[in-house]
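# Report on the structure
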Amino acid sequence: MGIPSLSVPEFETTIPSTGKKIRFRPFLVKEEKVLFIALESKDQKETVRAVTNLLKNCILTEDVDVDKLASFDFEYLFLQLRSKSIGETTELQFGHSNENDECKHRTKVTLNLQEVKPPKIPDESARNIMLTDTIGIRLNYPSINAVQMLSEDNESNEFEKVLKMVEHSTECIFDKDQVYDSFEPGELAKFIGDMSQAQFEKVAGFFSVLPLLTHKIKWKCEKCEKEEVVEVVGLQNFFT
């Protein structure tokens, strides 16, 4: 007779950018081991890969493409997953923000992950950028993989990286008569390259105000009792 199987609870959360409700299960001990190794390595690429695999394994709603999730959706869903798998709190360490501060003590601060709110998402119309009176471009929020890829691109300058981000994030081109969402090789790059400087600045502006997963923490130094407020931004910083 075989040993009994352990049941796994299910939870529900919401994808911030779409409002779609999804079901997920906590990750298991064998899955946590891979995540722990990635986080300990401080390697952003390894962390993203480990979290991607966890989300794919643990999200039970079938029509969720983890690879296409907006970066802030990806980070928020992982916080929800982690809080239901390991616990709702995590311990961070902070030092004083002023490097000239005489006190060099680092203080342990407990963060309740349930207090981290989903990022504020602009109105859906913000994704439509009008280039002329009749022609526009619709952009998707970049995925975590796109952000990671460009951060590791040491061969391109900042302008070239923005060009690549626009091309990667374009959902469609539209005019008053038609929507164009299928492109021949090089066609989209040419369209972007043919924009005027003013038009391109409007498009690039979309990426300068992307929603971010952030949380402000007020803490007091254990040694000198000075109070400070720190803003935690980005997935890795919630676990360092």
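As shown above, the structure is provided for reference.
Residues numbered from 1 in each chain as written. Predicted model: local features only at pLDDT ≥ 70, side-chain atom pairs only at ≥ 80, totals over all residues. Heavy atoms only, no water.

On to the overall build of the chain. Counting its secondary structure elements, the chain contains 7 helices and 10 strands. Overall, the C-alpha framework of the chain stretches about 65 × 60 × 35 Å when taken along its three principal axes. For the chain, buried positions account for 40% of its 240 residues. In the chain, once contacts between residues fewer than 6 apart in sequence are set aside, the share between residues at least 24 apart is 62%. Of the roughly 14,700 Å² that the chain leaves accessible, carbon and sulfur atoms contribute 50%. (Helix = DSSP H or I, 4+ residues; strand = E, 2+ residues; numbered from the N terminus. Buried < 20%, exposed > 50% of the residue type's maximum accessible area, 1.4 Å probe, protein only. Contact = heavy atoms within 4.5 Å. Areas by Shrake-Rupley, 256 points an atom, 1.4 Å probe, with all protein chains shown as cover.)

This part is about the packing of helix H2 (residues 44-58) against helix H4 (residues 144-151). Between H2 and H4, the least distance of the axes is 11 Å, while the angle of their chain directions is 165°. With respect to their mutual orientation, H2 and H4 come out roughly antiparallel. Helix-helix and strand crossings are classified by hand; for H2 and H4 the assignment is left-handed. Judged by residue contacts, Gln44, Lys45 and Val48 of H2 engage Ile144, Asn145 and Gln148 from H4. Broken down by class, the residue content of the contact of H2 with H4 amounts to 2 nonpolar, 3 polar and 1 charged. (Axes fitted to C-alpha atoms, helices over the stretch in contact; angles between N-to-C directions. Parallel < 35°, antiparallel > 145°, perpendicular 65-115°, else oblique. Left-handed = near helix turned anticlockwise from the far one by under 90°. Nonpolar A, V, L, I, M, F, W, Y, C, P; charged D, E, K, R; others polar.)

Now for the sheet that holds strand E7 (residues 170-174). With antiparallel pairing, the 4 strands of this open sheet are ordered in space as E5-E6-E7-E8. Bordering the open sheet on either side are strand E5 (128-130) and strand E8 (179-180), each of which pairs with just one other strand. As paired elements, strand E6 (residues 136-139) and E7 share 4 bridges and run antiparallel to each other. Counted as the bridge partner of Leu139 is Thr170 from E7. Sitting on the sheet, helix H5 (residues 158-169) touches E6 and E7, and the angle it makes with E7 is about 75°. Across the sheet, helix H7 (residues 197-208) touches E5 and E6, and the angle it forms with E6 is around 15°. (Pairing = 2+ DSSP bridges.)

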